[in-house]
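Breakdown of the fold
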Amino acid sequence: MYPAEILQLERNAPRRSRVTRALLPVLTWFVPAVIALTLLSRAPAHTSEVASEYIQRAPFDAAGYLALATAGDASSKPTPEQLAAINVALHLAPVDPAVLDAATRLRLTAGDVTGAFVALQTLLDAARGGDIDPFAALDERVGEWAWDELVDLALTKRWHGLGRYVEHLCGRDNRSGQARSLRLLLAVAGSQHLPPSAFLCVERLLLQQSQIETAYQVRLLAATHQAQRVDYIFNGDFELPLSGSAFDWTIQPGGEFREGFAAQVTPYASADGRHNALAVRFTGRPVRGAVATQMLALPPGRYQLSYKAIEENFPANLAPAWILTCLGGDENQLSAALTEPIAVSRWVRRSFDLRISKQCVGQRLALEPPTRLAKLEGLRGTVIVDDVTISRIP
């Protein structure tokens, strides 16, 4: 056939529409991927012979290549054939979690940290809501060279998945007694945003390990990370949502019959607008538990605690009061209260002096009835509390 005849045939050939030309590459790869995802649950046994036969029968099914790639000892360095097989499986099913998980594991074992990181990034999104843990492959390498290298690479790339991995690693530390999540959290927090839940997990882990001062530093880091004010008492004006941290308020909602009180943070009107405050109504029933608590980490020294309150219908000297004890102790560290009325209002301001010794590592601040007898007999009245502060005395 002469060139002129070839040119004439090309002119007479039916032209594909723009839509057809655009969809053809997508269909070429999407259809095999769908088939692979459908048949993946019926993957053949993990033997290279059976996998090879399966690939001959279904060359566009990722299941066969996945089986071939994962055949053999998982702890041994993968062969070139296994790595080639997982690459084909990724090409056929690029968002299948099982394929991505296998690619992450194989590449880590082979020392291909960059390739493992690429697969892990896709796996984190693909495995969302599924049965595959995207970080299980990393768990197997904790403490090894490959793990250190991949984490360093993720930090360099400022990978968005590090926040989730800090939480995952924190749960692992909780079971193993290690503290790798703390070191990773400190490294990540210096360069990118972390979810509050990551800070909370590490804080609680440290508290379980009795590392109170370190846990408090994590709490301070979380507050500064979220551009929140940091004082000896956190959220003393009750304006911020409760964070769930032990160094924030834990407020028991109570039950009018069972606990003898009902408590909530609620807005109230004042001369300079509406503000939040802690409102508690005591019903006359025996009081069970503290109304509000917060863990503190005051260093040794002298301090003054103050707050303002509106108290209604309580007997003299029986209004609820703040009690500050050392963790593990029950002796109130606060002095007798100094009470001052606030002009042109129903508020009073109460202040207490306190001294923290070197032995008092970690403290607990609690709002409760002033005496054990008052707890047993119950109180009847309402109190509104606001602007709880602690300041250091030089």
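Structural notes, computed from the coordinates.

**Describing the overall build of the protein chain**
A tally of regular secondary structure across the protein chain gives 14 helices and eleven strands. Relative to its 394 residues, the protein chain shows a buried fraction of 42%. Within the protein chain, counting contacts between residues at least 6 apart in sequence, those at least 24 apart form 65% of the total. Summed over its atoms, the accessible surface of the protein chain is roughly 21,300 Å², and 55% of this surface lies on carbon and sulfur atoms.

**Quick word on the sheet that holds strand β1 (residues 250-251)**
The four strands are arranged β1-β5-β10-β7 in an open sheet whose pairing can be described as antiparallel. In this open sheet, the two strands that pair with only one neighbour each are β1 and β7 (321-326). Bridge count for β7 against strand β10 (residues 363-368) is six bridges, and the pairing is antiparallel. Paired with isoleucine 323 across the two strands is alanine 366, which belongs to β10.

**Section: helix α11 (residues 180-189)**
Every buried residue belonging to α11 is among Ser181, Leu182, Leu184, Leu185, Val188 and Ala189, and all of these are buried. Here the buried residues of α11 occupy an arc of 165 degrees about the axis, which is enough to place them on one side. Here the buried face of α11 lies against α9 (145-157), α10 (162-176), α12 (196-208) and α13 (212-225).

**Notes on the pairing of strand β6 (residues 301-312)**
Two elements, β6 and strand β9 (residues 348-356), share nine bridges in a ladder whose sense is antiparallel. From the neighbouring strand, tyrosine 307 faces β9, where its bridge partner is arginine 350.

**Re the side chain of threonine 109**
Mapped onto the elements of the fold, threonine 109 is located in helix α6 (residues 97-110). We classify threonine 109 as buried; its relative accessible area is 17%. A polar side-chain atom of threonine 109 sits 2.8 Å from the main-chain carbonyl oxygen of arginine 105. The residues touching threonine 109, leaving out its near neighbours within four places in the chain, are Ala74, Ser75, Ser76, Lys77, Pro78 and Arg141.

**A closer look at empty space enclosed by the protein**
For the structure shown, the criterion picks out one cavity of 30 Å³ or more. In this structure, the largest cavity spans a volume of roughly 70 Å³. Taken together, 14 residues make up the lining of the largest cavity; nearest its centre are Tyr216, Arg219, Leu220, Asp231 and Phe234. It is α13 that contributes the most residues to the lining of the largest cavity, four residues altogether. In the lining of the largest cavity, the residues fall into ten nonpolar, one polar and three charged.

**Examining the layout of surface pockets**
Of the voids in this model, the largest pocket is the one considered here, and its volume is about 350 Å³. As for the largest pocket, its lining consists of 17 residues, of which Ala319, Ala321, Ala337, Phe352 and Pro370 are closest to the centre. Contributions of two or more residues to the lining of the largest pocket are made by β6, β7 and β9. Here the element with the most residues in the lining of the largest pocket is β7; it accounts for three residues. Residues of the lining of the largest pocket, tallied by class, amount to twelve nonpolar, three polar and two charged.

**Some thoughts on the nonpolar core**
Among the nonpolar cores identified, the biggest contains 62 residues, and Ile86, Leu138, Leu150, Trp159, Tyr165 and Val202 are the most heavily contacted of them. For this core, the element with the most residues is helix α7 (residues 113-126), which contributes seven residues. If sequence neighbours within four positions are ignored, tyrosine 165 has contacts with Phe135, Leu138, Val142, Trp147, Val151 and Leu184. Ranked by size, the runner-up nonpolar core spans 36 residues in total, among them Val280, Tyr303, Ala309 and Val383.

**Considering the packing of aromatic side chains**
The geometry of an aromatic ring pair comes down to the distance between the two centres and the angle between the two planes. Considering all chains together, one arrives at eleven aromatic pairs under this definition. Between phenylalanine 135 and tyrosine 165, the ring centres sit 4.9 Å apart and the planes meet at 50 degrees, which makes this aromatic pair tilted. Highlighted residues: phenylalanine 135 in the loop between α7 and α8 (136-139) and tyrosine 165 in helix α10, separated in sequence by 30 residues. An identical accessibility class is assigned to phenylalanine 135 and tyrosine 165; each is buried.

**A few points about the pattern of salt bridges**
For side chains bearing opposite charge, pairing can occur when the charged atoms are close. The full count for this structure, using the stated rule, is ten salt bridges. Arginine 141 is the partner of glutamate 144 in a salt bridge, and the nearest nitrogen-oxygen pair spans 3.2 Å. Judged by relative accessible area, glutamate 144 falls into the partly exposed class, the value being 34%. You can call arginine 141 buried: its relative accessible area is 16%. The salt bridge involving lysine 375 is made with glutamate 368; its shortest N-O contact spans 3.0 Å. Its relative accessible area of 27% is what places lysine 375 among the partly exposed residues. Judged by relative accessible area, which is 11%, glutamate 368 ranks as buried. Within this structure, Asp101, Arg105 and Glu140 form a network of salt bridges that share partners.

How each quantity is defined
- Residues numbered from 1 in each chain as written.
- Predicted model: local features only at pLDDT ≥ 70, side-chain atom pairs only at ≥ 80, totals over all residues.
- Heavy atoms only, no water.
- Helix = DSSP H or I, 4+ residues; strand = E, 2+ residues; numbered from the N terminus.
- Buried < 20%, exposed > 50% of the residue type's maximum accessible area, 1.4 Å probe, protein only.
- Contact = heavy atoms within 4.5 Å.
- Areas by Shrake-Rupley, 256 points an atom, 1.4 Å probe, with all protein chains shown as cover.
- Pairing = 2+ DSSP bridges.
- Arc of directions from axis to C-beta.
- Polar contact = N/O pair within 3.5 Å; in protein donor to acceptor, adjacent residues only side chain to side chain.
- 1 Å grid on protein atoms, 1.4 Å probe; cavity = no way out; pocket = protein on both sides within 12 Å on 5 of 7 lines; lining within 4 Å.
- Points joined across faces, edges and corners; volume = space filled by probe spheres on them.
- Nonpolar A, V, L, I, M, F, W, Y, C, P; charged D, E, K, R; others polar.
- Core = buried A, V, L, I, M, F, W, Y, C linked by side-chain atoms within 4.5 Å.
- Phe/Tyr/Trp six-rings, centres within 6.5 Å; stacked < 30°, edge-to-face > 60°.
- Salt bridge = Lys/Arg side-chain N within 4 Å of Asp/Glu carboxyl O.

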